[in-house]
Amino acid sequence: MTEVTETAHQTIARLRKEIGRVVIGQEAVLNRLVIALLIRGHVLIEGLPGLAKTLLVKTLAGAIDASFKRIQFTPDLLPADITGTQIFDPAGRTFKPRLGPIFANLVLADEINRAPAKVQSALLEAMQERQVTIGDTSYALPDPFVVIATQNPIEHEGTYALPEAQVDRFVMKLRVDYPRAEEELRMLGLYLDPTREPVVVQRVLGVDEIRAIGQMAARVHADERIGRYIVQLVTATRKPADYRLPALASQISFGASPRATLALAHVAKAHAFIEGREYVVPEDVKAVEHDVL
């Protein structure tokens, strides 16, 4: 491992430690969010209320020296509230663009399924093309640009299912589970401590560092056999009977798209990188395949 790579791993360790001052537990989810940041991939976080989904994303944003916007999705939200719109300037008798909150390095789409499909679809161009078209002009989004969306899996009153086309734009879907008993006890101790001062998150990672570390992760070697393994996994979701899994055919509505093949490769490479390796092994693919697929 080179000195530059070692420094990158130390930076990631500092980022995890800083977030751990606020959010107790959820290490697996945090690792996946770091991966998403490195590969500039969008993430959908699903979990019950009160499991610190929003807190985790806000703390991550606070530890990064980059622009952050939170959009609270509601039924009355309009597409222009996200992307922006043209505003008429009476003085110049012209229309000027007013860019929406989507123009940020890290965007939290909180409770994304509370807005109707036309609003959710406003994110499609941004998530795929990394640009937004307002009127006749397309505006490039900042680099890096990552959308982290949250949703509640048990509350369906006043919610709208995400369109399949949009779900396909997320490289991972992460499920946040209950903390372990010892983690919850530690959390309780911290919040009941009368001498406890509010934690101010320190910025430990800049935009340039994110780009540089992301380039290192992209250079992680993936052997051709790893590529074949990934393709076989994805193909098995489309034609399970061809892989001696006929019982799964009735349980799969749609197989994974080619976008999933690329996402699985990118995420596996970043997983290998944060684990300290410069090459991908099958265990990297197995570790992230459920989150990606």
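Above: the structure in question.
Throughout, residues of each chain are indexed from 1 in the direction in which the sequence is written. It should be noted that, the model being predicted, local features are given only for residues of pLDDT at least 70 and side-chain atom pairs only at 80 or more, the latter also being counted only at that level, while totals for whole chains, interfaces and linings use all residues. Neither water nor hydrogens contribute to the side-chain values; these are computed over all heavy atoms in the structure.

Draft legend 1. The arrangement of the overall build of the chain in detail. Starting at the N terminus, helices and strands are each numbered in turn, a helix being any DSSP run of H or I of at least four residues and a strand any DSSP run of E of at least two. A count of helical and extended segments in the chain gives 12 helices and 11 strands. Expressed along its principal axes, the backbone C-alpha trace of the chain runs to roughly 65 × 55 × 45 Å. Contact criterion: two residues are considered in contact whenever any of their non-hydrogen atoms come within 4.5 Å of each other. Relative to all contacts within the chain whose residues are 6 or more apart in sequence, the contacts with residues 24 or more apart total 77%. Residue burial considers only the protein chains on display, and all accessible areas are found by Shrake-Rupley using a 1.4 Å probe. Accessible surface, the chain: about 15800 Å² in total, of which carbon and sulfur atoms supply 54%. One finds the centroid of the 34 positive side-chain charges in the chain at a distance of 3 Å from the centroid of its 36 negative side-chain charges. His residues and chain termini do not enter the charge count, which takes Lys and Arg as positive and Asp and Glu as negative. The atom standing in for a charge is NZ when the residue is Lys, CZ when it is Arg, CG when it is Asp and CD when it is Glu.

Draft legend 2. Seen up close, the nonpolar core. Working definition of a nonpolar core: buried Ala, Val, Leu, Ile, Met, Phe, Trp, Tyr and Cys residues. They are joined through side-chain atoms within 4.5 Å. Throughout this description, buried means an accessible area under 20% of the type-specific maximum (1.4 Å probe, protein chains only), exposed means over 50%, and partly exposed covers the range between. Residues L15, I19, L33, I148, M172 and F273 are the most contacted members of the largest nonpolar core, which totals 54 residues. Those residues within four positions of F273 in sequence are excluded, and the remaining contacts are T5, A8, H9, I12, L38, I213, M216, A217 and V220. In terms of nonpolar packing, the next biggest core, distinct from the first, is built from 24 residues, L77, L123, A126 and M127 among them.

Draft legend 3. Broad picture of the sheet that holds strand β10 (residues 170-176). Here a strand pair is declared whenever DSSP counts at least two bridges between the two strands. With parallel pairing, 5 strands are arranged side by side in an open sheet as β3-β6-β9-β1-β10. A single partner strand is all that each edge strand has here, and the edge strands are β3 (68-72) and β10. In this sheet, neighbouring strand axes are inclined to one another by 15° on average, regardless of whether the strands run parallel or antiparallel. Bridge count for strand β1 (residues 42-47) against strand β9 (residues 146-151) is 4 bridges, and the pairing is parallel. Within the sheet, the bridge partner assigned to L44 lies in β9 and is A149. Contacting β1, β3, β6 (106-110), β9 and β10, helix α3 (residues 53-62) crosses the sheet at an angle of about 165° to β6. Every angle, taken between N-to-C directions, lies between 0 and 180 degrees, and every axis is a line fitted to C-alpha atoms, over only the stretch in contact when it is a helix.

Draft legend 4. A look at a nonpolar patch on the surface. To count toward a patch, a residue needs a relative accessible area above 30% and no salt bridge. Like charges then connect within 9 Å, nonpolar side chains (Val, Leu, Ile, Met, Phe, Trp, Tyr) within 5 Å. Salt bridges, as used here, are contacts in which a Lys or Arg side-chain nitrogen is within 4 Å of a carboxyl oxygen on Asp or Glu. On the surface, L55, L190 and Y191 cluster together into a nonpolar patch covering about 270 Å² of accessible area. Within the element layout of this structure, Y191 appears in helix α8 (residues 181-192).

Draft legend 5. How the structure looks around the pairing of strand β7 (residues 131-134). Here β7 shows one buried face, formed by V132 and I134, and one open face, formed by Q131 and T133. Both β7 and strand β8 (residues 137-140) contribute to a ladder of 4 bridges, which runs antiparallel. Paired with Q131 across the bridge in β8 is A140. The antiparallel hairpin formed by β7 and β8 contains 2 residues in its connecting segment, where G135 sits at a positive phi of about 70°.

Draft legend 6. Just the pattern of salt bridges, in detail. This structure, assessed with the given rule, holds 16 salt bridges. Salt-bridge contacts for D110 lead to R70; the nearest nitrogen and oxygen are separated by 2.7 Å. One end of the pair, D110, is in strand β6; the other, R70, is in strand β3, and 40 residues separate them in sequence. Taking relative accessible area as the criterion, D110 reaches 4% and is therefore assigned buried. A salt bridge links E182 to R180, with the nearest nitrogen and oxygen atoms 3.2 Å apart.

Draft legend 7. Focus on the side chain of H42. Secondary-structure assignment places H42 in strand β1. Under the rule applied, a polar contact is a pair of N or O atoms within 3.5 Å (in protein, one hydrogen donor and one hydrogen acceptor; residues adjacent in sequence only if both atoms are side-chain atoms). Within polar-contact distance, the side chain of H42 engages the backbone oxygen of M127 at 3.0 Å. A polar contact of 2.9 Å, which involves the side chain of H42, links it to the backbone nitrogen of V147. Setting aside its immediate chain neighbours within four residues, H42 contacts M127, R130, F145, V146, V147, R169, F170, V171 and M172.

Draft legend 8. The packing of helix α1 (residues 3-20) against helix α2 (residues 27-39), seen in detail. As a packed pair, α1 and α2 sit with axes 11 Å apart at the nearest point and diverge in direction by 130°. When the axis of α1 is compared with that of α2, the two are oblique. Between α1 and α2 the crossing geometry is right-handed. Within the contact between the two elements, α1 uses I12, L15, R16 and I19 and α2 uses L30, N31, V34 and L38. Comment on the angle field: the value is read as roughly parallel under 35 degrees, roughly antiparallel over 145, roughly perpendicular from 65 to 115, and oblique elsewhere. Take the far helix as the reference: if the near one is turned anticlockwise from it by less than a right angle, the crossing is left-handed, and if turned clockwise, right-handed.

Draft legend 9. Focus on unusual backbone geometry. With an omega of 0°, the peptide bond between D143 and P144 qualifies as cis. With respect to the element layout, P144 can be found in the loop between β8 and β9.

Draft legend 10. Up close: the environment of V288. On the secondary structure map, V288 appears in helix α12 (residues 282-292). The class for V288 is buried, based on a relative accessible area of 0%. Remark: the alpha-carbon pair of V288 and M216, spanning 72 residues in sequence, is separated by 19 Å. Those residues in contact with V288 that lie beyond four places of it in its chain are R32, L264, V267, A268 and H271.

Function cannot be read off these values alone, since they describe shape.
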